[in-house]
Every structure is written in structure tokens, then in C-alpha cells.
Amino acid sequence: MVTTPRVVIAAPASGHGKTTVATGLLAAFARRGVPVAPFKVGPDYIDPGYHALAAGRPGRNLDPVMVGEHLIGPLFAHGAQGAELAIVEGVMGLYDGRTGAGETGSTAQVAALLQAPVILVVDAAAQGRSIAAVVHGFRSFGTVRLAGVILNRVGSDRHEQILRDACEEVGTPVLGALTRADAVDAHSRHLGLVPAAERRAEALASVDALATLVAASVDLDAVAAVARSAPPLAAEPWTPQEAEPVAGRPVVALAGGPAFSFAYAETAELLAGAGAEVVIVDPLRDESLPDGARALVVGGGFPEVFAAELSANEPLRTSVRELAAAGHPIAAECAGLLWLCRTLDGAPMCGVLDAEAAMTPTLTLGYRDAVALSDSPLAPAGTRVTGHEFHRTTVHPRSGVLLSPASGAAWAWRGADPEGFASAGVHASYLHLHWAGQRGFASRLVRTAAG
């Protein structure tokens, strides 16, 4: 049974200020000395990086599409252990989920699964009394409990009073108001916010500023009271520990640092739970894999931003090629796929894959229901998964089908040609996966590493 007070920060649509408010609340409560656990609905990697800076503990994702709704409660219970308050930032609009799947994957679905009250952040810059219709509509549509509103981009004291009076008409308390002048700088580029790992000093300053802003603009005691109104949740904490972990603790290198900052916290926990010694390697700084490395896992990120630096680290690129040549397992997704190619925008990369990668103006985005076409160190052929694509790059060839008899495609899904590269030693694909939903991946890779 989980009794951690919890609240979901949602909005009518993207761009209303969820991340500003959620991050500011996390930082403001942490500044008060309250142990607070941060969560993000959906597959997003960037917001949890800012949440982690604010809360001082890992930001975690709750994505029922990727892991299944049955794991939302257990993953929440796992991440909330030791916390006195949990803040869950939503995704897109409150009721926006997977395209064509109704409420599935939405903030509303996760709020319902957690039995958590919702606070709606509303950008009120261009409206007055009409906000009552917006709030009333969100409160009456669906089954989640809308416990209050935080106003964003309020123009003046008079504007704020109009908005407060309107919300009072429909019986919804206003818990805070941020003015248009309160904006805190948040750098963006081709895929959204710049990850905190790439601008740590500036990100820390931004988070500190958000703590001050939200503490001055939001009734923190009222937010805490809303969170305490959540009933006990019948869920046992998820555990990454395998019943019979691999003996010998093989060393698994896990890429990190500014170029490879997209990783779910559970990935490292699952590898350790399967018996591995997990060692972080930063390809922008480290010139070799860890001593005794028997496997390499490379998640997502922005190697295209650091192509010159990654290319210049020839000793590490050689070390990765040698690991692959020795038959040790490598699992890479999205950014990791690009790094394993021969080149990225013409800059030499690791050369593990006989493929070229390049930036493209086209955004590829969305969930994919995929099936593994080839055996690999990550999954046997026939394995079914739901993953997520999010990139503005392309790889040629698209898959390993034509490269050699020992290589094949990683995945196939409806409406697209086979994708990715899979062999006895390497699995590389654009598909982002949440290993908590496929916990056999970690144990399979660690067993392969142990030989």
C-alpha cells in the first residue's frame, strides 16, 4: 500500500507551463527540506533531467503505453520510496494520449491509475472570464479529480482578479498565479528543451530561479494539502532485482554525459539487478571503456550536436570497435545507433555498423508496436515490444538486412520497412524502449556479457 501524498500537474495543451510549474514546485518543496519524488508522464527524457536537478533524486517516467498500465502503480511506488511528496508532470493536454487510442497514454489515464488529484496549469494570457468555461469543461469531462488551477502568464493584478473570480464561479480554487514577466529562461532547439546535462550550471541556476518564483507565486501549503488528499494506493514497489542474478558481476559500460543523456533510471537498475557491475562512460571525456568491460549500452541523446568532439575521441571509438569485434554485446538506441555508424554528418564515428547517419529536416515521432526480426543480445526473434521514435536524423541503409549474412534488421512495424541492425553481438535501432516493460532484456544482455 502506497500512502505517499501525490499530485499531477496537467494543462489543457502543450505550452501552458507544466514544466515550469512542476519543476518549480519540486525545487520549492526541496528547498523547504521536503523529500520530493519527481515523475513525468510519457516517454519524455528531457523534463526528468530538470526534475532530477530540482528534487535531488532521479526523475522517472510513467508511460502506460511503453510498460503497460499494470506497472504504473508499482513503478510509482518504487520511485516514491523515501519521499514525503510526489509530483507528476503530465504530457501534452490532460486527455491527450496515443493517437487513435482514446485516453491510453494520457495524463488523465496515469492520474486515474495513481488515484491522484490534478492541478491544471492554464495559460491565461489571452482570456478573462472565459477561463471558467475551460476549467469547467476539463473538470466535467472524464473521471479525474480537478483539485485546483494555477494561472500562468497573468497580465496584471486586475487580470488576476478577473480570472480568480471566474474560477470561483465554477467552484475551482486558484492555487497560484504567475505573471507574464515571471518567465525563466529555458533554452530550446530542434527537439525541444536543451537537456540539463548539456548546460548543468545554467540549468541549476534556472531551477533555483524557478524555486523562488513558484514559492512566491503559488500557495505551497495548499498544493501539499491537495497531494495529501490522495487515497492509499494498492501497489507494491516494482523491483529491478532478479531472483537469480548472473554470477561474477560482468562489467557493463553505460554511456552517459551530455551527448547521451536520454536514459530511463530503471535501465541501470535492471542491469545491476541482473548481476552486472554498471560503470558510466562519458564519450566526450573518457578515452576508453571501463577496465574489463564485457558489454556496452548506449541510449539516446544528441550526438549530432557533439559530432566533432565524439569524432575526435578516436581512442574510445577504437575501444568500441574492438569490443564489438571480440563478440561482446552492444545495445544501442537512437543516438547510440548514430554513434555506432561509420559517419555522422560526415564526421567519423565508431564504425561498428556499415552505415552512414545524417541530420534531416523531417521529424520522426510516435509510438511503434514492433516485433524483433532477428536474434540479438537484447531480444530473441519474435519478441513484441512497444517503443517510441523521436529524431531528426536518418541512417542509410535503414537496416542491416543487406549488410552481411550475419546481420539482420532489428524491428519491423506496420507501415514501414524493417529498421535497425541486429546480429549475435549488436542490437542498434532508432526505437527507444523502457526496459521495465521488457525486463528480460537486461538479464539476457548480462548473461551474454558473462559468456
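For the structure itself, consult the block above.
Every residue gets a number counted from 1 within its own chain, in the order that chain's sequence is written. Local features in this predicted model are restricted to residues of pLDDT 70 or higher, and side-chain atom pairs are both shown and tallied only at a pLDDT of 80 or more, whereas totals for entire chains, interfaces and linings draw on every residue. Hydrogens and water molecules were not included; the side-chain quantities draw on all heavy atoms of the structure.

1. Some remarks on the side chain of Thr386
Going along the chain from the N terminus, every DSSP run of H or I of four or more residues is numbered as a helix, and every run of E of two or more is numbered as a strand. Considering the arrangement of structural elements, one finds Thr386 in strand 17 (residues 384-396). Distance and chemistry together define a polar contact, namely a pair of N or O atoms within 3.5 Å, with one atom able to donate a hydrogen and the other to accept it when in protein, and with adjacent residues in sequence counting only for side-chain atoms on both sides. In terms of polar contacts, Thr386 uses its side chain to reach the side chain of Asp369, at 2.8 Å. Setting aside chain neighbours within four positions, we find Thr386 in contact with Val65, Met66, Arg98, Tyr367, Arg368, Asp369 and Leu433. Whether two residues are in contact is decided by their heavy atoms, any of which lying within 4.5 Å being enough.

2. What to know about the pairing of strand 16 (residues 356-372)
Two faces make up the sheet, and in a regular strand the side chains alternate between them. Pairing geometry for strand 14 (residues 343-344) and strand 16, over 2 bridges, is parallel. Bridge pairing in strand 16 places Leu344 opposite Ala357. By the convention used here, strands pair only if DSSP detects at least 2 bridges between them. With 12 bridges joining them, strand 16 and strand 17 adopt antiparallel strand pairing. Within strand 17, the position partnered with Ala358 by the bridge is Thr394. One ladder, built from 3 bridges, connects strand 16 with strand 18 (residues 411-413); its direction is antiparallel. Looking at the pairing, Val371 lines up with Ala412 of strand 18.

3. What to know about the nonpolar core
Buried together is how nonpolar side chains tend to be arranged in soluble globular proteins. We call a set of buried residues a nonpolar core when its members are Ala, Val, Leu, Ile, Met, Phe, Trp, Tyr or Cys and they connect through side-chain atoms within 4.5 Å of each other. To sort residues, take the accessible area from a 1.4 Å probe on protein chains only and compare it with the maximum for the residue type: under 20% means buried, over 50% means exposed, and anything in between is partly exposed. With 118 residues, the main nonpolar core has Leu25, Phe76, Ile87 and Trp411 as its most contacted residues. The dominant element in this core, judged by the number of residues it contributes, is helix 1 (residues 18-31), at 7 residues.

4. Observations regarding the environment of Val134
By secondary structure assignment, the location of Val134 is in helix 6 (residues 131-140). Look at Val134 and you get partly exposed, because its relative accessible area is 26%. Separated by 122 residues in the primary sequence, Val134 and Pro12 place their C-alpha atoms 8.2 Å from one another. Residues contacting Val134, with those up to four places away along its chain left out, are Pro12 and Gln127.

5. Notes on helix 7 (residues 157-169)
To estimate the expected span of a helix, count its residues, drop one, and scale the result by 1.5 Å. Between its terminal C-alpha atoms helix 7 stretches 19 Å, which fits the 18 Å expected from 13 residues at 1.5 Å a residue. Among the residues of helix 7, His159, Leu163, Ala166 and Cys167 are the ones counted as buried. Relative to the axis of helix 7, the buried residues are bounded by an arc of 100 degrees and lie together on one face. Exposed residues pointing more than 90 degrees away from the buried face of helix 7 are listed as Asp157, Arg158 and Glu168. Close packing links the buried residues of helix 7 with helix 6, strand 6 (146-154) and strand 7 (174-179). The arc under discussion is defined with respect to the helix axis, by the directions toward the C-beta atoms.

6. Regarding the packing of helix 1 against helix 2 (residues 46-55)
Two elements in contact, helix 1 and helix 2, have axes whose closest approach is 8 Å; the angle formed by their N-to-C orientations is 20 degrees. By the criterion of interaxial angle, the relationship of helix 1 to helix 2 is roughly parallel. Seen along the crossing, helix 1 lies across helix 2 with a hand that is right-handed. In this structure, helix 1 contributes Thr19, Ala22, Thr23, Leu26, Ala27 and Ala30 to the contact, and helix 2 contributes Asp47, Tyr50, His51, Ala54 and Ala55. When residue character is reported, Ala, Val, Leu, Ile, Met, Phe, Trp, Tyr, Cys and Pro are called nonpolar, Asp, Glu, Lys and Arg charged, and the others, Gly included, polar. Of the residues in the contact of helix 1 with helix 2, the class split is 7 nonpolar, 3 polar and 1 charged. Every angle, taken between N-to-C directions, lies between 0 and 180 degrees, and every axis is a line fitted to C-alpha atoms, over only the stretch in contact when it is a helix. We call two directions roughly parallel when the angle between them is under 35 degrees, roughly antiparallel when it is over 145, roughly perpendicular when it lies between 65 and 115, and oblique otherwise. Here is the rule for handedness: rotate from the far helix to the near one, and if that takes an anticlockwise turn smaller than a right angle the crossing is left-handed, while a clockwise turn gives right-handed.

7. Observations concerning the side chain of Arg317
Among the secondary structure elements, Arg317 is positioned in helix 12 (residues 314-325). Although Arg317 is buried, it makes no salt bridge; Glu314 carries the closest opposite charge, 4.3 Å away. One polar contact links the side chain of Arg317 to the main-chain carbonyl oxygen of Met349, over a distance of 2.9 Å. Each residue touching Arg317, except ones within four places of it in the same chain, is listed here: Leu310, Ser311, Pro348, Met349 and Cys350. His residues and chain termini do not enter the charge count, which takes Lys and Arg as positive and Asp and Glu as negative. For salt bridges, the criterion is a side-chain nitrogen of Lys or Arg within 4 Å of an Asp or Glu carboxyl oxygen.

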